[in-house]
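So you can see what is in the structure, the chains are spelled out below.
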Amino acid sequence: MLHNVHYFGFTTFSLTTMSQLDKPQRPPAIDFHGVCMSKYFTENWDNVQSFKARPDDILIATYPKAGTTWVSFIIDLLYFGQTCPERQTTVPLIQRVPFLEIALPSQPSGKEMADKIGTSPRLIKSHLPVQFVPKSFWENNCRIVYVARNAKDSAVSYYHFTRMNYVQPDPGDWGTYLNSFMNGKVVFGSWYDHVNNWWKRKQTYPKIHYMFYEDLIEDASREILRLSDFLGLSPSAEELDKIKATTMFDSMKHNKMINYFTSGMMDQKVSPFLRKGKVGDWKNHFTVAQNEEFDEDYKQKMKDSALVFRTEV
Ligand code: PPS
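Overview of the structure. (Residues numbered from 1 in each chain as written. Predicted model: local features only at pLDDT ≥ 70, side-chain atom pairs only at ≥ 80, totals over all residues. Heavy atoms only, no water.)

### A short note on the packing of aromatic side chains
And then number 1: Under the definition given, this model contains 33 aromatic pairs.
And then number 2: For the pair Phe99 and Phe188, a centre-to-centre distance of 6.5 Å together with 35 degrees between the ring planes defines the contact as tilted. Taken together, the positions of Phe99 in the loop between helix 4 (93-96) and helix 5 (110-116) and Phe188 in the loop between helix 8 (174-182) and helix 9 (191-204) put the pair 89 residues apart, joining distant regions of the chain. With respect to class, Phe99 is no different from Phe188; both count as buried.
And then number 3: When the centroid spacing of 5.5 Å and the interplanar angle of 45 degrees are considered together, the rings of Tyr159 and Tyr177 count as tilted. (Phe/Tyr/Trp six-rings, centres within 6.5 Å; stacked < 30°, edge-to-face > 60°. Helix = DSSP H or I, 4+ residues; strand = E, 2+ residues; numbered from the N terminus. Buried < 20%, exposed > 50% of the residue type's maximum accessible area, 1.4 Å probe, protein only.)

Here is the structure:
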């Protein structure tokens, strides 16, 4: 049963927690217009596709596990940290930055949450490959922030997330999962197609700010400043320092408005949502043979790409 409360421009929804649910049934992976998906991201398709973006909406687009939550939180603080500090303690980030395409049973859909946001600009999260983005974002010339993360750390992070998140099909063991990742048989499809097709889109659509997780780890202040420039914001030095401190991994890990502790589909005893937050954790997972095979395959798949990713910082 949903219980809705109106608060700081939001209809906040109380979401069912894991302890209130029987263990949810994992969905099968499906082929959806040539992209591997699961029903939890396709069942609301027509409504998502007809979503009415507004010119000042900001879309935060990523392949899963690229740092979506981190960047969403930074952008939320840039816009509302000063003007509405209360929302930081009363409205969970998933409601401040709804996940557009998600549609879970007995929960409001991401589209429904986005429609109900009462503050501007609206911040909206999506993992959709670029060809699936609702056309109103392009027609309204919306700003889009795309975050990318190197393939090896993305695969490791997505593997652990898939183990703990019942929205996802069964990952199998690490070796099986790595193969699925390399073959684009994980939800939201091929990492290689996602990062490259978004990069190509940026060449003809200037309002995409393409960021890298590794750059944020290296120098968060520099990256927050670049992001502010793109958004046309001029935060003070003091505000920037505060945002950087508030969005550091350890701080976010203990922030109940951020860490998904109330999500009904995630079992954080299996693996925490904010797990490691590092560049290079792949070294603790890839065997030498897996690494060689991955590198060989990567060279082929990325041979026409201008993108350069760092797997260590
Ligand atoms: S999701 O589910 O796709 O929206 O996940 P996403 O937020 O994109 O990615 C989760 C990974 O980002 C890490 N993370 C951070 N790293 C460093 N600093 C900060 N502040 C931070 N916030 C989130 C998070 O820990 C996940 O990565 P892994 O490697 O699994 O730890």
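### Brief notes about the environment of Tyr213
And then number 1: Tracing the backbone through its elements, the reader meets Tyr213 in helix 10 (residues 213-218).
And then number 2: Owing to a relative accessible area of 6%, Tyr213 belongs among the buried residues under this scheme.
And then number 3: Between the alpha carbons of Tyr213 and Ser236 there is a distance of 23 Å; along the sequence they are 23 residues apart.
And then number 4: Setting aside anything within four residues of it in sequence, one finds Tyr213 in contact with Ala66, Gly67, Trp70, Val147, Ala148, Arg149, Gly277, Lys278 and Val279.
And then number 5: A distance of 3.4 Å separates a polar atom in the side chain of Tyr213 from the backbone nitrogen of Lys278. (Contact = heavy atoms within 4.5 Å. Polar contact = N/O pair within 3.5 Å; in protein donor to acceptor, adjacent residues only side chain to side chain.)

### Some thoughts on the nonpolar core
Generally speaking, a soluble globular protein has its nonpolar side chains buried in company with each other.
And then number 1: Counting residues in each nonpolar core, the largest one holds 93 residues, and the members touching the most others are Phe181 and Trp198.
And then number 2: A total of nine residues in this core trace back to one element, the largest contributor, which is helix 2 (residues 68-80).
And then number 3: Not counting chain neighbours up to four residues away, the residues in contact with Phe181 comprise Tyr63, Ala151, Ser154, Ala155, Val186, Trp191, Tyr192 and Phe294. (Core = buried A, V, L, I, M, F, W, Y, C linked by side-chain atoms within 4.5 Å.)

### Looking at the sheet that holds strand 8 (residues 208-212)
And then number 1: The four strands lie next to each other as 6-5-7-8, forming an open sheet whose pairing is parallel. Since the sheet does not close on itself, it has two edges, and those belong to strand 6 (123-126) and strand 8, each with one partner. The mean inter-strand angle of the sheet, taken between neighbouring strand axes irrespective of direction, is 20 degrees.
And then number 2: The pairing of strand 5 (residues 58-62) with strand 6 spans four bridges and is parallel. Paired with Ile60 across the strands is Lys125, a residue of strand 6.
And then number 3: Running at roughly 165 degrees to strand 5, helix 2 makes contact with strand 5, strand 6, strand 7 (143-148) and strand 8 of the sheet.
And then number 4: Against the sheet, helix 9 makes contact with strand 5, strand 7 and strand 8, and its axis sits at roughly 140 degrees relative to strand 8, the strand it touches most. (Pairing = 2+ DSSP bridges. Axes fitted to C-alpha atoms, helices over the stretch in contact; angles between N-to-C directions.)

### Details of helix 9
And then number 1: Taking 1.5 Å of rise per residue, the 14 residues of helix 9 would be expected to cover 20 Å, and the 21 Å separating its terminal C-alpha atoms lies within 8% of that figure.
And then number 2: Every buried residue belonging to helix 9 is among Trp191, Tyr192, His194, Val195, Asn196 and Trp198, and all of these are buried. (Expected span 1.5 Å × (residues − 1).)

### Details of the site of the ligand
And then number 1: Of all residues adjacent to the ligand, which total 23 residues, the nearest are Thr68, Thr69, Ser157, Tyr213 and Lys276.
And then number 2: Ala66 is positioned such that a nitrogen or oxygen atom in its backbone is 3.2 Å from an oxygen atom of the ligand.
And then number 3: One of the side-chain nitrogen or oxygen atoms of Thr69 is found 2.5 Å away from an oxygen atom of the ligand.
And then number 4: Looking at the shell around the ligand, the elements with two or more residues in it are helix 2, helix 7 (151-164), helix 10 and helix 13 (249-253).
And then number 5: Looking at the shell around the ligand, the element that brings in the most residues is helix 2, giving three residues.
And then number 6: In the shell around the ligand, the residues fall into 11 nonpolar, seven polar and five charged. (Near = heavy atom within 4 Å. Nonpolar A, V, L, I, M, F, W, Y, C, P; charged D, E, K, R; others polar.)

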